[in-house]
Amino acid sequence: MIAPAAQVHFFETGHGDHMLAIDGSRVFDVPEGTAGRFAAMNTAGQSAFLRSMGLDGRPFIDDTPPQDLPVRSLSLAVAQKCNLACTYCYAAGGEFGGPARNMEWEVAKASVDRLVAEAEPGVRINLAYLGGEPLINRDLVQRTTEYAVEQAQANGLSVGFSITTNGTLLRPEDAVFFEAHGFAVTISLDGVGKVHDKLRPNRAGRGSFDTILKRVEPLLAAQHRMQVGARVTVTPQNMNLPETLEQFVGMGFHSIGFSPMLASPNGQHELNRNDLNEMLTQMIRCGEVFEAAVVQGRRYPFSNMAAAMQEIHRGTHRPYACGAGGGYFGVSADGGLFACHRFVEDEAGAMGDVYDGPDLRRENWLADRHVHIQSPCNTCWARYLCGGGCHHEVIHRGRPACDYIRGWLHYCLQAYVRLSEVRPDYFGVPTQAASA
């Protein structure tokens with residue numbers, strides 16, 4: 001049984017005192033000093049307080065892992081090879097520790113067929129293209145997309161597409177194709193100019209930033225159905241996040257997001273505790289710019305912040321960090337199914353093949369990775385907003401980022417209340433905040 005103290009989290013803003021009810025991720029306004037009074041209570045008193053708030057009912061999340069989930073989303077490693085030489089690459093240079101190879105049509109077709117076979121009419125399925133560098137196998141990306149559209153239409157489904165690319169191989173005709181099919185395109189950029197070049201050189205050791213900017217311009221100009229985002233992997237070498245964010249906003253990216261480098265195959269560029277503290281400071285600076293823009297009625301494409309505001313407003317509560325091994329899998333070039341794109345060719349996340357579907361290892365995965373099983377997650381106030389952290393990073397490095405995650409979510413809760421007070425229309429519907 002979870003102790004009462006592990007079921008609430010208190011925080012303050014200029015608008016007063018507030019409380020997150022962890023089960024169900026519900027935000028309440030509370031009288032001044034409630035946090036101190038709660039901390040001074042014994043367990044019985046804390047339980048009585050929760051009852052008085054109506055927080056003693058049946059939990060939103062129990063210990064039971066999901067059963068018989070349909071596969072709704074697949075990422076295809078269409079090219080297990082890459083033309084860049086990013087030293088921290090989770091795919092070990094794009095090849096995932098094996099020989100460089102492309103996915104063949106039979107595997108891609110079977111992947112689409114797997115999605116269609118498990119979907120009920122009216123459902124949306126999703127297909128992502130990754131690598132390595134997926135545009136090395138451009139013809140397969142196009143053929144698979146067209147086949148997926150055809151099969152979705154024939155079976156009463158909708159289908160969404162995404163691609164994550166280093167941007168160096170983009171062509172003007174790619175903009176036309178991605179726009180026609182409403183792709184979410186993510187460009188990997190680790191800063192501006194030489195900062196990026198140091199982290200993401202090509203195989204000859206030369207920088208790639210100028211090439212990427214030139215090649216991404218047609219996409220930025222064409223985006224309507226297509227949305228083009230920038231993803232920044234944060235290392236100790238590129239911590240100037242607000243400046244990077246402003247530069248990319250000015251370039252016209254639809255979204256810009258930052259992700260900490262926590263686990264690389266060779267340990268290079270991994271963030272330590274001090275680095276994560278600095279990243280938190282930088283992220284909050286970016287968040288404050290986002291808050292100011294929302295107050296002024298301007299859209300500001302800082303995706304980490306926008307996503308956090310949406311999830312807090314919805315009352316997101318989840319027993320897993322993501323859909324890995326549940327409704328989402330990565331597919332290797334030869335058709336293996338893995339918990340996600342980061343686990344491709346990694347036995348820690350192997351779960352069958354695309355022809356026969358997930359095997360029994362999936363059930364063990366969902367049971368073992370549940371946030372109630374993970375320690376210290378099962379007593380952490382952020383557990384249902386975080387979900388226990390990236391499975392790949394936790395398995396291969398542990399949990400160095402817990403303080404960073406809690407710090408970021410604490411700030412986001414404060415920002416949510418501030419924006420709810422001054423711009424409730426930003427959320428579109430009445431806020432979830434309630435008074436105690």
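Residues numbered from 1 in each chain as written. Predicted model: local features only at pLDDT ≥ 70, side-chain atom pairs only at ≥ 80, totals over all residues. Heavy atoms only, no water.

As recorded in an unreviewed UniProt entry, the protein goes by the name Radical SAM core domain-containing protein, listed as coming from Ruegeria conchae. As its UniProt record puts it under Cofactor (unreviewed entry), the protein is described as follows: "[4Fe-4S] cluster". On record in UniProt, under Sequence similarities (unreviewed entry), the comment for the protein is "Belongs to the radical SAM superfamily. Anaerobic sulfatase-maturating enzyme family." (UniProt positions renumbered as here; feature names shortened; annotations may be inferred.)

> Summarise the overall build of the protein; cite the residues concerned and give the values.
Along the protein, the regular secondary structure elements total 14 helices and 15 strands. Since a compact globule built from 436 residues should have a radius of gyration of about 22 Å, the 22 Å found for the protein is in line with a globular shape. The buried share among the 436 residues of the protein stands at 52%. Carbon together with sulfur atoms contributes 50% to the accessible area of the protein, which is approximately 18,800 Å² in total. Here the protein holds 38 positive side-chain charges and 47 negative ones, and the gap between their average locations is 3 Å. (Helix = DSSP H or I, 4+ residues; strand = E, 2+ residues; numbered from the N terminus. Rg over C-alpha atoms; globule rule 2.2 N^0.38 Å. Buried < 20%, exposed > 50% of the residue type's maximum accessible area, 1.4 Å probe, protein only. Areas by Shrake-Rupley, 256 points an atom, 1.4 Å probe, with all protein chains shown as cover. Lys, Arg positive; Asp, Glu negative; His and termini not counted. Charge placed at Lys NZ, Arg CZ, Asp CG, Glu CD.)

> Kindly report on the packing of aromatic side chains, identifying the contributing residues and their values.
One pass over the full model with this rule turns up 16 aromatic pairs. Relative to Phe 38, the ring of Phe 10 has its centre 5.5 Å away and its plane inclined at 55°; by these criteria the two rings are tilted. Here Phe 10 is found in strand 1 (residues 8–13), whereas its partner Phe 38 is found in helix 1 (residues 34–40), with 28 residues between them in sequence. Neither Phe 10 nor Phe 38 differs from the other in exposure class; each is buried. Connected via pairs of aromatic rings, a cluster forms that spans Tyr 129, Phe 161, Phe 177, Phe 178 and Phe 183. Taking the ring centre of Trp 105 as reference, the NZ or CZ of Arg 143 above it sits at 3.9 Å. (Phe/Tyr/Trp six-rings, centres within 6.5 Å; stacked < 30°, edge-to-face > 60°. Lys NZ or Arg CZ within 6 Å of the ring centre and 35° of its normal.)

> If you had to explain the side chain of Ser 332 to someone new, which residues and values would you point to?
Position of Ser 332 among the secondary structure elements: in the loop between strand 11 (328–331) and strand 12 (336–338). Only 2.5 Å separates the side chain of Ser 332 from the side chain of Asp 334, close enough to count as a polar contact. When neighbours within four sequence positions are excluded, Ser 332 is seen to be in contact with Ala 77, Gln 80, Met 103, Val 107, Phe 338, Val 344 and Glu 345. (Polar contact = N/O pair within 3.5 Å; in protein donor to acceptor, adjacent residues only side chain to side chain. Contact = heavy atoms within 4.5 Å.)

> Account for the pairing of strand 1, with residues named and values stated.
With respect to burial, strand 1 is a largely interior element, five of its six residues being buried. Taken together, the six bridges between strand 1 and strand 2 (residues 16–21) define a ladder with antiparallel strand orientation. Counted as the bridge partner of Phe 11 is His 18 from strand 2. (Pairing = 2+ DSSP bridges.)

> Give me the lowdown on the environment of Arg 37, citing residues and values where you can.
Along the chain, the position of Arg 37 falls in helix 1. In this structure Arg 37 comes out as partly exposed when scored by relative accessible area, which is 46%.

> For helix 4 (residues 138–154), give the residues involved together with the corresponding values.
With 17 residues, helix 4 ought to run about 24 Å at 1.5 Å a step, and its terminal C-alpha atoms sit 25 Å apart, in line with that. Looking at the buried residues of helix 4, the elements they touch are strand 4 (73–80), helix 3 (105–118), strand 6 (124–131), strand 7 (158–165) and helix 5 (172–180). (Expected span 1.5 Å × (residues − 1).)

> Explain the packing of helix 9 (residues 273–295) against helix 14 (residues 402–422) residue by residue, including any values.
Look at helix 9 against helix 14: their axes get within 10 Å of each other, and the N-to-C directions meet at 10°. One element, helix 9, and the other, helix 14, form an angle in the roughly parallel class. Judged by the sense of rotation from one axis to the other, the crossing of helix 9 with helix 14 is right-handed. Across from Arg 273, Leu 276, Met 279, Leu 280, Met 283, Ile 284, Gly 287, Glu 288, Phe 290, Glu 291, Val 294 and Val 295 in helix 9, the residues of helix 14 making contact are Asp 403, Tyr 404, Gly 407, Trp 408, Tyr 411, Ala 415, Arg 418, Leu 419 and Val 422. Along the lines of polarity and charge, the residues of the contact of helix 9 with helix 14 split into 14 nonpolar, two polar and five charged. (Axes fitted to C-alpha atoms, helices over the stretch in contact; angles between N-to-C directions. Parallel < 35°, antiparallel > 145°, perpendicular 65-115°, else oblique. Left-handed = near helix turned anticlockwise from the far one by under 90°. Nonpolar A, V, L, I, M, F, W, Y, C, P; charged D, E, K, R; others polar.)

> Report on the nonpolar core, specifying residues and quantitative values.
Membership of the largest hydrophobic core comes to 111 residues, with the highest contact counts inside it found for Leu 74, Phe 178, Phe 253, Phe 258, Phe 302 and Met 309. Considering every element that reaches this core, the biggest residue donor is helix 14, with 10 residues. Discounting residues that sit within four places of it in the chain, Phe 302 has contacts with Leu 245, Ile 256, Phe 258, Met 283, Cys 286, Gly 287, Phe 290 and Trp 408. Listed in part, the 11 residues of the second largest apolar core include Val 8, Phe 28, Val 30 and Phe 38. (Core = buried A, V, L, I, M, F, W, Y, C linked by side-chain atoms within 4.5 Å.)

> Give a description of the pairing of strand 10 (residues 255–260) that names residues and reports values.
Taken across its six residues, strand 10 has five buried, putting it largely inside the fold. This β-α-β element, strand 9 (residues 227–234) to helix 8 (residues 241–251) to strand 10, shows right-handed connectivity. (Right-handed = clockwise from strand over helix to strand, strands pointing away.)

> Can you break down the packing of helix 9 against helix 10 (residues 303–314) residue by residue, with the values?
Taken N-terminus to C-terminus, the directions of helix 9 and helix 10 make an angle of 70°; their axes are 9 Å apart at the nearest point. Of the possible angle classes, the one that applies to helix 9 and helix 10 is roughly perpendicular. Along this stretch, helix 9 crosses helix 10, giving a crossing that reads as right-handed. Counting all contacts with helix 9, which are made through Met 283, Gly 287, Phe 290 and Glu 291, the residues of helix 10 involved are Asn 304, Met 305, Ala 306 and Met 309.

> With reference to specific residues and values, describe the pattern of salt bridges.
Within this structure, the stated rule accounts for 15 salt bridges. As a salt-bridge pair, Arg 138 and Asp 174 come within 2.9 Å of each other at their nearest N and O atoms. Taken together, the residues Arg 138 in helix 4 and Asp 174 in helix 5 connect sequence positions 36 residues apart. Each member of the pair, Arg 138 as well as Asp 174, carries the same accessibility label: buried. With a shortest N-O distance of 2.7 Å, Arg 361 and Asp 359 are connected by a salt bridge. Accessibility expressed as a relative area gives 38% for Arg 361, which makes it partly exposed. Under the relative-accessibility criterion, Asp 359 is labelled partly exposed at 27%. (Salt bridge = Lys/Arg side-chain N within 4 Å of Asp/Glu carboxyl O.)

> Describe unusual backbone geometry, listing the residues and the values that go with them.
A cis amide bond links Gly 131 to the next residue, Gly 132, at an omega of 20°. One can find Gly 132 in the loop between strand 6 and helix 4. With an omega of 10°, the peptide bond running from Ser 375 to Pro 376 counts as cis. Looking at where Pro 376 falls in the secondary structure, it is placed in the loop between helix 11 (361–368) and helix 12 (383–386). Phi at Asp 68 is positive, roughly 50°, even though this residue is not glycine. Turning to its location among the elements, Asp 68 is positioned in the loop between helix 2 (43–52) and strand 4.

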